[in-house]
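Single-letter residue listing:
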Amino acid sequence: MGIRLGIMGAARIAEQQVIPAARRTADFQVTAFASQTPASRKRWQDQFPELRAFSDYEALITADEVDALYIALPNALHVSWALRALAVGKPVLLEKPAALTAQDAEVLRERANQSGTVVMEAFMYQFHPQFQWLSRALRSGLIGSVRHLYAEFAFLLTHPKDIRMQPALGGGSFWDVGCYTVHITRQLLGAPQAVFARRIDGPTGVDIHMAVQLIYPDKTASLRAGFDSADVQGVRVVGTGGELGLTHPFRPDMGEAQQWHNQTVDVVPPADLYGLELRAFLAAIRDPGGLGQTYLNDLVEQARLMEAVIRASQAEALQSF
Ligand SMILES: NC(=O)c1ccc[n+]([C@@H]2O[C@H](COP(=O)([O-])OP(=O)(O)OC[C@H]3O[C@@H](n4cnc5c(N)ncnc54)[C@H](OP(=O)(O)O)[C@@H]3O)[C@@H](O)[C@H]2O)c1
């Protein structure tokens, strides 16, 4: 039997991606879920009759038939519930953004280490072969020395009731999709020296547009996140010897994904994005001191840079990083 996974919250991402991916692998077996909302609980009971249903997240965490948790709650609830799972020694696959402050991220890392287990932030895009191609190509010097990276992820969100529109739940385009642009830039270029950002807030008080400049000694990166435009995603890296990029770096399943290098364009073959993420989570669970630590450190560095960008957007002045 695989790792027995409990799902916290009857979230769309769990229903549409993570549960189906877990069902395709023998590594995980989804055994239970918790939903506080009676109508959602009923809908999931009808859809997933084999799962034990809880109305209470705490009961799910301590359930005997749950070895690990997948937390897909609104962003502001991630840390507190992940800490509860760590308190009983259970590993957590935690939706992005894992933590909304660097300090919270440090606490997550510390508690995970104390309990000898792991928290992995669910940046599934990094396990897709197209990202591995991009990363390898840059490391091998295919385009010479990198001078600029452009990354964006945006879509039109007009529903004021969506969790992404609620300031108290950790809403905002930068937390929702901007976190991917920051993560991919960190993965490919490392940490910048300084940060500049401009935000535009929407009627509910969350940012609906964030434009970011990351400054490195010999290069720059421009990032954009938004809830205020048509669907767009992409990454483009320009170097001294050429350029390359991905048309769908974050959700290659949402369109005709292509990877390109100068004039050469290749179609990206489909991959089991969320299945690859689960496989990485399993590897981290089995190696908490090695791979698990790598993901914990990544989670902390990610939160540090996200926080610096938000500070910069509030000050509208260059912030050292
Ligand atoms: N990796 C990815 O591809 C991906 C894609 C989409 C979203 N996400 C992340 O996954 C998380 C969930 O996103 P989603 O779009 O799936 O959300 P969603 O469908 O709105 O589900 C959120 C769940 O949180 C629970 N919840 C607890 N307190 C709540 C509150 N005060 N208001 C609303 N819901 C509350 C609800 O569960 P119950 O009522 O059932 O308890 C609800 O089903 C977010 O962190 C998001 O960033 C990741």
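Conventions we followed
- Residues numbered from 1 in each chain as written.
- Predicted model: local features only at pLDDT ≥ 70, side-chain atom pairs only at ≥ 80, totals over all residues.
- Heavy atoms only, no water.
- Pairing = 2+ DSSP bridges.
- Helix = DSSP H or I, 4+ residues; strand = E, 2+ residues; numbered from the N terminus.
- Axes fitted to C-alpha atoms, helices over the stretch in contact; angles between N-to-C directions.
- Domains from an automatic or database assignment.
- Contact = heavy atoms within 4.5 Å.
- Buried area = accessible area lost by both parts, 1.4 Å probe.
- Salt bridge = Lys/Arg side-chain N within 4 Å of Asp/Glu carboxyl O.
- Polar contact = N/O pair within 3.5 Å; in protein donor to acceptor, adjacent residues only side chain to side chain.
- Phe/Tyr/Trp six-rings, centres within 6.5 Å; stacked < 30°, edge-to-face > 60°.
- Buried < 20%, exposed > 50% of the residue type's maximum accessible area, 1.4 Å probe, protein only.
- Left-handed = near helix turned anticlockwise from the far one by under 90°.
- Nonpolar A, V, L, I, M, F, W, Y, C, P; charged D, E, K, R; others polar.
- UniProt positions renumbered as here; feature names shortened; annotations may be inferred.

Our focus in this paragraph is the sheet that holds strand E5 (residues 92-94). One open sheet holds the 6 strands; their spatial order is E3-E2-E1-E4-E5-E6, and the pairing between them is parallel. Strands at the two margins of the open sheet, each flanked by one partner only, are strand E3 (52-54) and strand E6 (119-121). Here the strands of the sheet are splayed against their neighbours by 25° on average, with no regard to which way each runs. Pairing geometry for strand E4 (residues 68-71) and E5, over 3 bridges, is parallel. Bridge assignment links Ile71 to a residue of E5, and that residue is Leu94.

Our next topic: the domain arrangement of the protein. Parsing the protein into structural domains produces domain 1 (3-123) and domain 2 (129-270). Spacing between the C-alpha centres of domain 1 and domain 2 amounts to 27 Å. Of the residues lining the interface, 10 residues belong to domain 1; the matching set on domain 2 comes to 13 residues. Together domain 1 and domain 2 conceal approximately 1000 Å² of surface at their shared face, both sides included; 62% is due to carbon and sulfur atoms. Summed over the three residues of domain 1 that lose the most area to domain 2, namely Pro74, Lys96 and Phe123, the buried surface amounts to 45% of that side. The closest approach of N and O atoms between Lys96 and Asp176, which form a salt bridge, is 3.4 Å. Across the contact surface, domain 1 and domain 2 share 4 residue pairs in polar contact (both at pLDDT 80 or more).

A separate point is the side chain of His248. With respect to the helices and strands, the residue His248 is situated in the loop between strand E12 (242-246) and strand E13 (258-261). His248 has contacts with Gln130, Gln233, Met254, Gly255, Glu256 and Ala257, leaving out every residue within four places of it along the chain.

Relative to the assigned elements, Asn75 resides in the loop between E4 and helix H4 (78-87). Not counting the four nearest positions on each side in its chain, Asn75 is found in contact with Lys96, Pro97, Leu100, Leu169, Gly170 and Trp175.

One pass over the structure, following the stated rule, counts 14 aromatic pairs. Taking the centre distance of 5.3 Å and the plane angle of 90° together, the rings of Tyr57 and Trp81 count as edge-to-face. Of the two residues, Tyr57 sits in helix H3 (residues 57-62) while Trp81 sits in helix H4, which places them 24 residues apart along the sequence. In terms of burial, Tyr57 and Trp81 fall into one category: buried. Here the aromatic rings of Tyr125 and Phe250 are separated by 5.6 Å at their centres, their planes lie at 75°, and the arrangement is edge-to-face. Within this pair, whereas Tyr125 is found in the loop between E6 and helix H6 (129-139), its partner Phe250 is found in the loop between E12 and E13, the two being separated by 125 residues in sequence. Here Phe250 falls in the buried class, since its relative accessible area comes to 0%.

Our next topic: the pairing of strand E7 (residues 146-156). Sheet analysis places E7 next to strand E11 (residues 228-239), joined by 9 bridges and oriented antiparallel. Within the sheet, the bridge partner assigned to His148 lies in E11 and is Val238.

At a minimum axis separation of 14 Å, helix H1 (residues 12-23) and helix H2 (residues 38-47) run at an interaxial angle of 35°. As for how H1 packs across H2, the hand of that crossing is right-handed. Residues Ala14, Glu15, Ile19 and Arg23 of H1 pack against Arg43, Trp44 and Gln47 of H2. Here the residues of the contact of H1 with H2 sort into 3 nonpolar, 1 polar and 3 charged.

Looking now at the UniProt feature "domain: Gfo/Idh/MocA-like oxidoreductase N-terminal" (unreviewed entry) in the protein. With numbering matched to this structure, UniProt assigns "domain: Gfo/Idh/MocA-like oxidoreductase N-terminal" (unreviewed entry) to residues 3-122. Across residues 3-122 one finds 43% helix and 22% strand; the C-alpha atoms that close the span lie 17 Å apart.

We now examine the UniProt feature "domain: GFO/IDH/MocA-like oxidoreductase" (unreviewed entry) in the protein. As annotated by UniProt and renumbered to match this structure, "domain: GFO/IDH/MocA-like oxidoreductase" (unreviewed entry) occupies residues 131-244. Helix and strand shares over residues 131-244 are 23% and 44% respectively, and the end C-alpha atoms of the span are 12 Å apart.

Turning next to the pattern of salt bridges. Side chains bearing opposite charge may pair, as long as their charged atoms lie close to each other. Under the counting rule described, the total for this entry stands at 22 salt bridges. Of the charged contacts in the structure, one is a salt bridge between Glu307 and Arg311, with a shortest N-O distance of 3.3 Å. Taken as a pair, Glu307 and Arg311 lie in helix H9 (residues 291-315) at a separation of 4 residues, close to a single helical turn. For Glu307, a relative accessible area of 26% translates into the label partly exposed. Three or more residues are tied together by salt bridges with common partners; here these are Arg12, Lys96, Asp162, Arg164 and Asp176.

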